[in-house]
Amino acid sequence: MNYPNLINSKLPNVGTTIFTIMSKLATDNNAINLSQGFPDFECSEEMISLVNKHMKAGNNQYAPMPGLIGLREILAQKTEELYGAKYDPDSEITITAGATQAIYTAISAVVREGDEVIIFEPAYDCYQPAIELNGGKTVYMQLQSPDYTIDWEKVKKMINHHTKMIIINTPHNPTGSVMSVADMIMLEKITKGTDIIILSDEVYEHIIFDNQQHQSVARFPFLAERSFIISSFGKTFHTTGWKLGYCVAPKNLMAEFRKVHQFLVFSCNTPIQYALTEYLKESENYLSLGNFYQQKRDYFINAIKGSKLNLIPAAGTYFQLLSYKNISKEKDTDYAIRLTKEFGIASIPISVFYHEQEDNHVLRFCFAKKEETLAKAAEILNKI
Ligand code: PMP
Ligand code: GLN
């Protein structure tokens, strides 16, 4: 039987994500994988023991829908200590299956048919499909070269009565740029008096370098009152495979968020939530992360000093952008594939983060790796 109209794709232009493609290519070619962002070293033994302890203690059934109250309490305390913002653990924090689910849930909770959502390119890949599956229209703004900053005057001009949401991401994947206090004040100014909701993707909140402070929207009361703030334990505790994250938002926003959350996943992994509740009590476990990754960044950039690739400085995240414009005029997607197959090193081409595949001959390398991996990678990069 033939039903040509059985499926009319809701995402006709979406294929397999670049992360899946490049990681597979790296495996198939036995290449060093600096493409998909995940550590190649273990998370803490203590945390594994804590998860194990809670599994053995019988904490293996459904957690409460918004997450364990103990975990939400400690997150409220952390948010207040770090950013000076009070959130009620009972009604303003929800534990999610990674940041990806939190992002989808927040968008789905508030974006309707015809609503416009502003995102900044290069943009992390899960925003646009979530907007469009919910009937929204993605409005693309380009970050400005050379250091990937936001032109707020341009943003202001793009705002109209259809604008429902602005998505920001600081520290920023893939560029490693961070937003400043001045950026936050501009965002506050242009959203004041509007019904625009902000989704602030802060999954790299603790991976920020050179003594800079992370500018969470939680620090800015007039932004916080209209914002979903999203973070990920995967990034902070080297456990991307555990897929746990959270969202904090004022009560009115969180009520809508939970209406979607409860039917998307209902609740998330119970023993890991118990383990995190204990592990988060020691603030060094997350406050040390910036230095930890700064050392890796510095090790990597020192090791590739001899390379012809040009460095684009990273102020945060665990990604380093390198430009190859002095080496080749090839398309970045082709070049990334060739480097993987011929040189044995996998990266992510930046054009995939632009809806029109803007190609500036830049690749993203993940430095969340053991020193020996980074040393091997550098040896290859220095030969290119
Ligand atoms: N946002 C950004 C900017 C990310 O880089 C990632 C993952 N690397 C996510 C969201 C998704 O996080 P999670 O793995 O917790 O779903
Ligand atoms: N966020 C990770 C990255 O940017 C990838 C996550 C994924 O594979 N979806 O590399």
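Residues numbered from 1 in each chain as written. Chains lettered and ligands numbered in written order. Predicted model: local features only at pLDDT ≥ 70, side-chain atom pairs only at ≥ 80, totals over all residues. Heavy atoms only, no water.

**Things to note about the overall build of the protein chain**
What the protein chain contains, in helices and strands, is 15 helices and 13 strands. Here the protein chain has a C-alpha radius of gyration of 21 Å; the compact-globule value for 384 residues is 21 Å, and the two agree. Dimensions along the principal axes, computed over C-alpha positions, put the protein chain at roughly 60 × 55 × 50 Å. In the protein chain, buried positions account for 56% of the 384 residues. Relative to all contacts within the protein chain whose residues are 6 or more apart in sequence, the contacts with residues 24 or more apart total 74%. (Helix = DSSP H or I, 4+ residues; strand = E, 2+ residues; numbered from the N terminus. Rg over C-alpha atoms; globule rule 2.2 N^0.38 Å. Buried < 20%, exposed > 50% of the residue type's maximum accessible area, 1.4 Å probe, protein only. Contact = heavy atoms within 4.5 Å.)

**So, the sheet that holds strand β9 (residues 310-312)**
The strand order across the open sheet built from 4 strands is β9-β10-β13-β12, with neighbouring strands paired in antiparallel fashion. At either margin of the open sheet sits one strand with a lone partner, and together these are β9 and β12 (348-349). Looking at chain direction, β9 and strand β10 (residues 319-323) are connected through 3 bridges and run antiparallel. Its bridge partner being in β10, Leu-311 is matched across the sheet by Leu-322. (Pairing = 2+ DSSP bridges.)

**Here's the deal with the sheet that holds strand β8 (residues 245-248)**
A sheet is described by the order of its strands in space; here 7 strands give the open sequence β2-β8-β7-β6-β5-β3-β4, paired in mixed fashion. Among the strands making up the open sheet, the edge pair consists of β2 (93-96) and β4 (137-142). Taken pair by pair, the neighbouring strands of this sheet meet at an average axis angle of 20 degrees, ignoring direction. Sheet topology places strand β7 (residues 227-232) next to β8; 4 bridges connect them, and they run antiparallel. Paired with Ser-232 across the two strands is Gly-245, which belongs to β8. (Axes fitted to C-alpha atoms, helices over the stretch in contact; angles between N-to-C directions.)

**Quick look at the site of ligand 1**
Around ligand 1 there are 13 residues in total, and Thr-100, Asp-201, Tyr-204, Lys-235 and Lys-243 lie nearest to it. Between ligand 1 and the protein, one listed contact pairs an oxygen atom with a side-chain N or O atom of Ser-232 at 2.7 Å. A distance of 2.2 Å separates a nitrogen atom of ligand 1 from a polar atom in the side chain of Lys-235. For ligand 1, the accessible surface in isolation is 400 Å², of which the surrounding protein chains cover 93%. It is helix α4 (residues 98-110) that contributes the most residues to the shell around ligand 1, 4 residues altogether. A class-by-class count of the residues in the shell around ligand 1 yields 5 nonpolar, 5 polar and 3 charged. (Near = heavy atom within 4 Å. Polar contact = N/O pair within 3.5 Å; in protein donor to acceptor, adjacent residues only side chain to side chain. Areas by Shrake-Rupley, 256 points an atom, 1.4 Å probe, with all protein chains shown as cover. Nonpolar A, V, L, I, M, F, W, Y, C, P; charged D, E, K, R; others polar.)

**Comments concerning helix α1 (residues 18-28)**
Within α1, the full set of buried residues consists of Ile-18, Phe-19, Met-22, Ser-23, Leu-25 and Ala-26. Down the axis of α1, the buried side of the element spans an arc of 160 degrees, and every buried residue falls inside it. Facing away from the buried side of α1 by more than 90 degrees, the exposed set consists of Lys-24, Thr-27 and Asp-28. Those residues of α1 that are buried lie in contact with β1 (32-33), α14 (332-343), β11 (345-346), β12 and β13 (362-366). Of the residues trailing α1, Asn-30 is marked for its positive phi of about 55 degrees. (Arc of directions from axis to C-beta.)

**With respect to helix α11 (residues 270-279)**
Where burial is concerned, most of α11 is hidden: 8 out of the 10 residues are buried. Buried within α11 are the following residues: Thr-270, Pro-271, Ile-272, Gln-273, Ala-275, Leu-276, Thr-277 and Tyr-279. Looking at the buried positions of α11, the neighbouring elements they touch are α2 (45-56), α3 (69-83), β2, α9 (233-236) and α12 (284-287). The opening residue of α11, the one whose side-chain oxygen lies 3.2 Å from the backbone nitrogen of Ile-272, is Asn-269.

**Quick word on empty space enclosed by the protein**
A full pass over the atoms with the stated rule returns 4 cavities of 30 Å³ or more. Residue lining of the largest cavity: Lys-78, Thr-79, Tyr-83, Glu-205, Ser-216, Ile-229, Ser-231, Tyr-246 and Val-248, and that is the complete set. Looking at the lining of the largest cavity, the elements that each hand over two or more residues are α3, β7 and β8. Per-element accounting of the lining of the largest cavity gives the leading share, 3 residues, to α3. Of the residues assigned to the lining of the largest cavity, the class counts are 4 nonpolar, 3 polar and 2 charged. Taken as a whole, the second largest cavity encloses approximately 50 Å³ of empty space. Lining the second largest cavity we find Leu-75, Lys-78, Glu-205, His-206, Ser-231, Ser-232, Phe-233, Thr-236, Phe-237, Tyr-246 and Leu-280. Elements that contribute at least two residues to the lining of the second largest cavity include exactly α3, β7 and α9. (1 Å grid on protein atoms, 1.4 Å probe; cavity = no way out; pocket = protein on both sides within 12 Å on 5 of 7 lines; lining within 4 Å. Points joined across faces, edges and corners; volume = space filled by probe spheres on them.)

**Some points on a positive patch on the surface**
Taken together, the side chains of Lys-154, Lys-156, Lys-157 and Lys-189 make up a positively charged region of the molecular surface. Broken down by element, the residue count for the positive patch peaks at 3 residues, all from helix α6 (residues 152-158). Looking at where Lys-157 falls in the secondary structure, it is placed in helix α6. Of the residues examined, Lys-157 reaches a relative accessible area of 69% and is grouped as exposed. (Patch = residues over 30% accessible without salt bridge, like charges linked within 9 Å, V, L, I, M, F, W, Y side chains within 5 Å. Salt bridge = Lys/Arg side-chain N within 4 Å of Asp/Glu carboxyl O. Lys, Arg positive; Asp, Glu negative; His and termini not counted. Charge placed at Lys NZ, Arg CZ, Asp CG, Glu CD.)

**Notes on the environment of Thr-236**
The residue Thr-236 is located in helix α9 in this model. Assessed through its relative accessible area of 6%, Thr-236 is described here as buried. Linking Thr-236 and Asn-285, residues 49 residues apart in sequence, is a C-alpha distance of 8.6 Å. For Thr-236, the contacting residues outside a window of four places in its chain are Val-203, His-206, Tyr-286 and Leu-289.

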